[in-house]
Amino acid sequence: MSFKNLNLINPIIRAVTETGYSKPTEIQHSAIPHILMRRDILGCAPSGSGKTAAFAMPVLQLLKKNTTEHKEIRTLILTSTSDRVLQIEEDIKVYSKYLPLSLLSIIDGASTGSQLAALRKRVDILISSPEKLLDLVSQRHIDLSKIEILILDETDKMLDLGFVSDLKAILALTPKKKQTLFFSAVMENHIRKFAEGILKNPVEITVSPKQSIDQANEQPVYFGEKKTDLTNDTIQDLSILSTPKQNKTFQYIN
Ligand code: AMP
């Protein structure tokens with residue numbers, strides 16, 4: 001299975017290939033076709049499974065379809081912490097480098113003035129924790145009424161951090177008709193119940209925590225005389241390869 005089989009467009013395939021991804025991970029090849037068909041997703045996938053790219057690549061493609069001028073925020077990604085906000089931003093910048101899409105992160109420590117200035121421009125994708133987003137919403141600086149795609153990333157962590165009422169308040173500000181992609185590392189009863197109240201006829205995808213990225217990219221072996229022969233990218237790949245190889249289980253329920 002290659003990225004081409006997933007019907008991804010060339011600017012995205014080129015960007016991920018240049019990043020060193022040779023083929024999709026399990027969560028990517030399971031989720032991407034459904035997301036492109038605008039289905040809601042209930043994804044149980046741990047960090048390390050490639051879930052950021054699993055939602056980011058198809059969402060970028062859907063947004064690219066309609067790149068006419070607009071002032072509204074089209075996609076909202078909610079996640080647990082500012083660190084994770086920055087990590088998602090970094091990944092999406094890489095995947096979208098050949099696409100004319102704009103991205104804004106709301107993080108701790110950024111000046112409200114600079115965030116407001118950025119919000120006055122076009123924002124295709126907004127990434128935030130629920131708490132930070134509600135701060136700006138309460139100052140009437142953010143309109144979520146035109147959101148087309150909502151992504152809940154690390155929902156288990158957001159619920160553990162006590163964001164349930166913040167999440168509900170944000171959901172109430174988004175349109176009823178939207179695509180929702182719900183990801184959690186675990187799917188305990190209370191998380192599933194929360195998801196059921198939000199999702200419409202979702203495709204459910206579960207990737208075992210035992211599955212690691214090395215199953216997507218097993219082939220590279222690097223040789224070098226000294227450590228400086230390795231670029232940062234190859235060092236990153238080596239750290240992936242050094243993850244112990246583990247068995248995976250995968251179930252897919254439509
Ligand atoms: P995530 O589960 O989204 O936190 O991703 C974990 C790591 O896997 C990140 O460093 C990604 O850059 C990397 N990654 C994502 N998709 C792939 C892929 N198809 N092949 C190799 N590495 C990937």
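Each value, and the rule that gives it
Residues numbered from 1 in each chain as written. Predicted model: local features only at pLDDT ≥ 70, side-chain atom pairs only at ≥ 80, totals over all residues. Heavy atoms only, no water. 1 Å grid on protein atoms, 1.4 Å probe; cavity = no way out; pocket = protein on both sides within 12 Å on 5 of 7 lines; lining within 4 Å. Points joined across faces, edges and corners; volume = space filled by probe spheres on them. Core = buried A, V, L, I, M, F, W, Y, C linked by side-chain atoms within 4.5 Å. Buried < 20%, exposed > 50% of the residue type's maximum accessible area, 1.4 Å probe, protein only. Helix = DSSP H or I, 4+ residues; strand = E, 2+ residues; numbered from the N terminus. Contact = heavy atoms within 4.5 Å. pLDDT = per-residue confidence, 0-100.

**Quick word on the layout of surface pockets**
Part 1: Estimates place the volume of the second largest pocket at around 220 Å³.
Part 2: Every residue along the wall of the second largest pocket is listed here: R38, D40, I147, E148, K177, K178, Q179 and K200.

**Comments concerning the nonpolar core**
Part 1: Within the largest apolar cluster, 38 residues are counted, with the highest numbers of intra-cluster contacts made by F55 and L181.
Part 2: Looking at this core, the elements with two or more residues in it are α1 (10-19), α2 (26-36), α3 (51-64), α4 (82-95), β4 (125-128), β5 (149-152), β6 (179-184) and β7 (203-207).
Part 3: Considering each element in turn, this core owes the most residues, nine residues, to α3.
Part 4: Once residues within four sequence positions are removed from consideration, F55 is found in contact with I35, I77, I88, I151, D153, L181 and F183.
Part 5: In terms of nonpolar packing, the next biggest core, distinct from the first, is built from 32 residues, L42, I142, M187 and A195 among them.

**Focus on the confidence of the model for the protein**
Part 1: Per-chain confidence: the protein averages 83 in pLDDT, with 81% of residues scoring 70 or above.
Part 2: Counting interchain partners and residues more than four positions distant, the pLDDT-below-50 stretch residues 218-254 has 45 contacts.

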